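Notes for the structure review
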Protein chains: 2
Amino acid sequence: MADLNNLISPFFLNDKEVRKVIELIFFSYRDFTSGPDKILEKLSFGRAHHRVIYFVGKKNNITIKELLSVLQITKQSLSRVLNQLVKEKFIIVSTGVDKRTKKLSLTEKGKNLESELSTIQIKKIRGVINKFNEDNINGFKKILYEMTEDNSKKIFQQIND
Amino acid sequence: MADLNNLISPFFLNDKEVRKVIELIFFSYRDFTSGPDKILEKLSFGRAHHRVIYFVGKKNNITIKELLSVLQITKQSLSRVLNQLVKEKFIIVSTGVDKRTKKLSLTEKGKNLESELSTIQIKKIRGVINKFNEDNINGFKKILYEMTEDNSKKIFQQIND
DNA sequence: ATAATTAAGTCAATATGGCTGACCTAAATA
DNA sequence: TATTTAGGTCAGCCATATTGACTTAATTAT
């Protein structure tokens with residue numbers, strides 16, 4: 001009776017097992033950001049600053065509009081965080097060919113911080129996937145990808161050419 | 001030269017590939033919580049309420065202290081959220097055998113909300129893992145588990161007996 | 001050439017979810 | 001009896017997000 005699902009679907013997780021996955025997503029996300037958060041705190045920065053620095057570092061000369069579409073926050077929310085980063089010279093702003101637009105890039109100082117923060121997360125991921133095989137790692141990436149909504153998939157493709 | 005790593009380690013992700021994983025973690029987490037968030041918003045609740053409801057549902061008669069150790073927030077932060085949930089009869093409080101402690105459980109109303117919220121996430125996970133094989137799914141769970149810190153591992157084990 | 005749209009910025013108010021510090025009560029334990 | 005533990009509370013603060021209204025300057029469409 002309980003094994004009926006295995007006759008239909010090749011592999012089935014019951015609610016209890018799926019709930020464990022929910023919990024692991026919660027715990028792992030929290031722990032994944034806690035390292036960078038400690039460094040950001042010393043600079044009186046938060047999660048929001050990391051996200052801005054990350055995506056500006058990812059796509060040099062990104063515009064405000066593009067950044068907003070990635071972060072999915074309002075321009076008022078972005079404004080405060082971005083202005084702080086510009087004022088403290090982590091990010092430099094220039095005018096685009098279309099003079100209505102602005103292009104954002106990391107300064108050397110910004111690149112150093114970006115690197116410091118990302119290195120923690122890169123090392124954590126490498127340390128973990130070291131213990132797994134190619135198939136598991138590709139599976140992990142694909143499952144994460146499938147967990148995202150269509151709009152996120154589109155943005156993910158955009159920022160990765 | 002670039003393939004040198006493959007001679008040493010069985011599988012290696014370069015920085016660019018690891019950064020994709022960082023992005024997928026960000027996008028997938030955001031999208032994973034967006035469904036429940038819409039329902040919570042109608043009740044003037046937020047992420048914090050969901051977490052409390054989830055873990056009270058998970059472990060019936062959980063104490064304040066236990067809940068705090070899972071959530072890793074201060075009792076002042078928990079207080080506001082929990083009091084709202086009690087006032088609006090999603091959670092019921094009773095006194096423990098040790099009369100200093102309190103035991104929290106979901107009311108029927110609370111169970112209904114918990115179920116509504118969790119069902120969204122359970123369905124999302126099932127919909128995704130349906131497309132993968134047993135090995136990939138087990139790999140996914142294990143990678144998430146390894147992404148957590150020791151303390152989270154301990155708590156995860158505790159709440160799952 | 002003018003009108004409409006777009007990119008960006010700003011002001012103000014509001015909500016949520018965290019935090020610290022100080023202090024309190026009641027119950028259990030040493 | 002003294003100390004520790006579980007829980008609560010008051011006050012103030014900060015970060016991150018929201019909505020709405022309005023502005024400026026530049027580009028594009030009519």
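Everything numeric here is computed off the predicted structure, so don't read it as measured data.

Another point: the nonpolar core. Core analysis: the largest hydrophobic core is formed by 95 residues, its most contacted members being Val52 of chain A together with Val52 of chain B. Two domains share this core, each providing at least three of its residues, namely domain 1 (10-120) and domain 2 (129-161) of chain A. When sequence neighbours within four positions are dropped, the list of residues in contact with Val52 of chain B reads Leu67, Leu71, Leu78, Val81, Leu82, Leu85 and Ile91 of chain B.

Let's shift gears to the relation of the copies chain A and chain B. Mapping between the two chain copies consists of a rotation about an axis together with a translation along that axis. Mapping chain A onto chain B is achieved by rotating through 180° and translating by 0.0 Å along the same axis, at an RMSD of 0.0 Å. Considering both components of the superposition, the chain copies are consistent with a two-fold axis. Residue by residue, 100% of the interface of chain A is reproduced at the interface of chain B, so both copies engage with the same surface.

Residues and elements named next belong to chain A. One can read the domain layout of chain A as domain 1 (10-120) and domain 2 (129-161). Contact residues are listed per partner, giving 6 residues for domain 1 and 5 residues for domain 2. Of the roughly 480 Å² buried where domain 1 meets domain 2, counting both sides, 65% is carbon and sulfur surface. Inspection of the domain 1/domain 2 interface yields 0 salt bridges. The interface formed by domain 1 and domain 2 holds 2 residue pairs in polar contact (both at pLDDT 80 or more) in total. Looking at the side of domain 1 that touches domain 2, the elements that each hand over two or more residues are helix H3 (47-58) and helix H4 (64-71). For the side of domain 1 that touches domain 2, a count of residues per class yields 3 nonpolar, 2 polar and 1 charged.

Further remarks concern the packing of helix H3 (residues 47-58) of chain B against helix H5 (residues 75-87) of chain B. All names here are of chain B. Two numbers describe how H3 lies on H5: the axes approach to 10 Å, and their chain directions differ by 70°. As summarised for this structure, H3 and H5 are arranged roughly perpendicular, according to the angle between their axes. Where H3 approaches H5, its residues Ala48, His49, Val52 and Ile53 are matched on the opposing element by Leu78, Val81, Leu82, Gln84 and Leu85. Among the residues making up the contact of H3 with H5, the classes are represented as 7 nonpolar, 2 polar and no charged.

The subject of this paragraph is the packing of aromatic side chains. Counted under the stated rule, the structure contains 14 aromatic pairs over all chains. Where Phe55 of chain A meets Phe26 of chain B, the ring centres are 5.7 Å apart and the plane angle is 50°; that geometry is what we call tilted. Taken together, the residues span two chains, with Phe55 of chain A in helix H3 and Phe26 of chain B in helix H2 (residues 15-42). The exposure classification of Phe55 of chain A matches that of Phe26 of chain B, with both residues buried. An aromatic cluster is built from Phe26 and Phe27 of chain A together with Tyr54 and Phe55 of chain B, whose rings are joined through pairwise contacts.

Attention shifts here to the side chain of Asn160 of chain B. Along the chain, the position of Asn160 of chain B falls in the segment after helix H8 (150-159). There is a polar contact of 2.7 Å between the side chain of Asn160 of chain B and the side chain of Lys58 of chain B. With near-sequence residues (within four places) excluded, Asn160 of chain B lies in contact with Lys20 and Glu23 of chain A together with Lys58 of chain B.

Opposite charge on two side chains allows them to pair when their charged atoms are near. In total, this model carries 22 salt bridges over all chains according to the counting rule given. Linking Glu114 of chain B and Arg19 of chain A is a salt bridge whose minimum nitrogen-to-oxygen distance equals 2.9 Å. With Glu114 of chain B in helix H6 (residues 108-129) and Arg19 of chain A in helix H2 (residues 15-42), this pair bridges two chains. Considered together, Glu114 of chain B and Arg19 of chain A belong to a single accessibility category, that of buried residues. For Lys124 of chain A, the salt bridge goes to Glu149 of chain B, with nearest N and O atoms at 2.6 Å. Linking Lys124 of chain A in helix H6 (residues 108-129) with Glu149 of chain B in the loop between helix H7 (134-147) and H8, this pair reaches from one chain into another. For Glu149 of chain B, a relative accessible area of 37% gives the class partly exposed.

What follows concerns H4 of chain A. When H4 of chain A is considered as a whole, its buried residues turn out to be Leu67, Leu68, Val70 and Leu71 of chain A. Looking down the long axis of H4 of chain A, one finds its buried residues gathered within 160° of arc, a one-sided arrangement. Where H4 of chain A is buried, its residues meet H3, helix H5 (75-87), strand E2 (102-106) and helix H8 (150-159) of chain A together with H2 of chain B. Following H4 of chain A by one or two positions, Gln72 of chain A has its phi on the positive side, about 55°.

So, how was this worked out
For every chain, the first residue of its written sequence is number 1, and the numbers climb from 1 along that sequence. Written order decides the labels, with chains lettered from A and ligands numbered from 1. Where totals are concerned, whole chains, interfaces and linings use all residues; where local detail is concerned, this predicted model gives features only for residues with pLDDT of at least 70, and gives and counts side-chain atom pairs only at 80 or more. For side-chain calculations, the full set of non-hydrogen atoms in the structure is used, while hydrogens and water are omitted. Only buried Ala, Val, Leu, Ile, Met, Phe, Trp, Tyr and Cys residues count toward a nonpolar core, and they belong to the same one when joined by side-chain atoms within 4.5 Å. Relative accessibility thresholds used throughout: buried, under 20% of the residue-type maximum; exposed, over 50%; partly exposed, between the two (1.4 Å probe, protein chains only). Domain delimitation in this document rests on an assignment produced automatically or drawn from a domain database. The contact definition used throughout considers only heavy atoms, calling two residues in contact when any of these lie within 4.5 Å. For the least-squares superposition of copies, only C-alpha atoms count, and only for residues with pLDDT at least 70 in both. Note: buried area is the sum, over both parts, of the accessible area (probe 1.4 Å) each one loses when the two are combined. Each reported salt bridge corresponds to a side-chain nitrogen of Lys or Arg within 4 Å of a carboxyl oxygen of Asp or Glu. Whenever two N or O atoms come within 3.5 Å, that pair is a polar contact, provided that in protein one can donate a hydrogen and the other can accept it, and provided that, for residues adjacent in sequence, both atoms are side-chain atoms. Comment: elements are numbered from the N terminus, with helices defined as DSSP H or I runs of at least four residues and strands as E runs of at least two. Classification convention: Asp, Glu, Lys, Arg as charged; Ala, Val, Leu, Ile, Met, Phe, Trp, Tyr, Cys, Pro as nonpolar; all other residues, Gly among them, as polar. Axes here refer to lines fitted to C-alpha atoms; in helices the fit is confined to the stretch in contact. Angles between the N-to-C directions go from 0 to 180 degrees. In what follows, roughly perpendicular refers to angles from 65 to 115 degrees, roughly parallel to angles under 35, roughly antiparallel to angles over 145, and oblique to any angle outside these ranges. Only Phe, Tyr and Trp rings are paired, with Trp represented by its six-membered ring, and only when their centres lie within 6.5 Å; those with planes under 30 degrees apart are stacked, over 60 edge-to-face, the remainder tilted. To be clear, the arc concerns the directions from the helix axis to the C-beta atoms.

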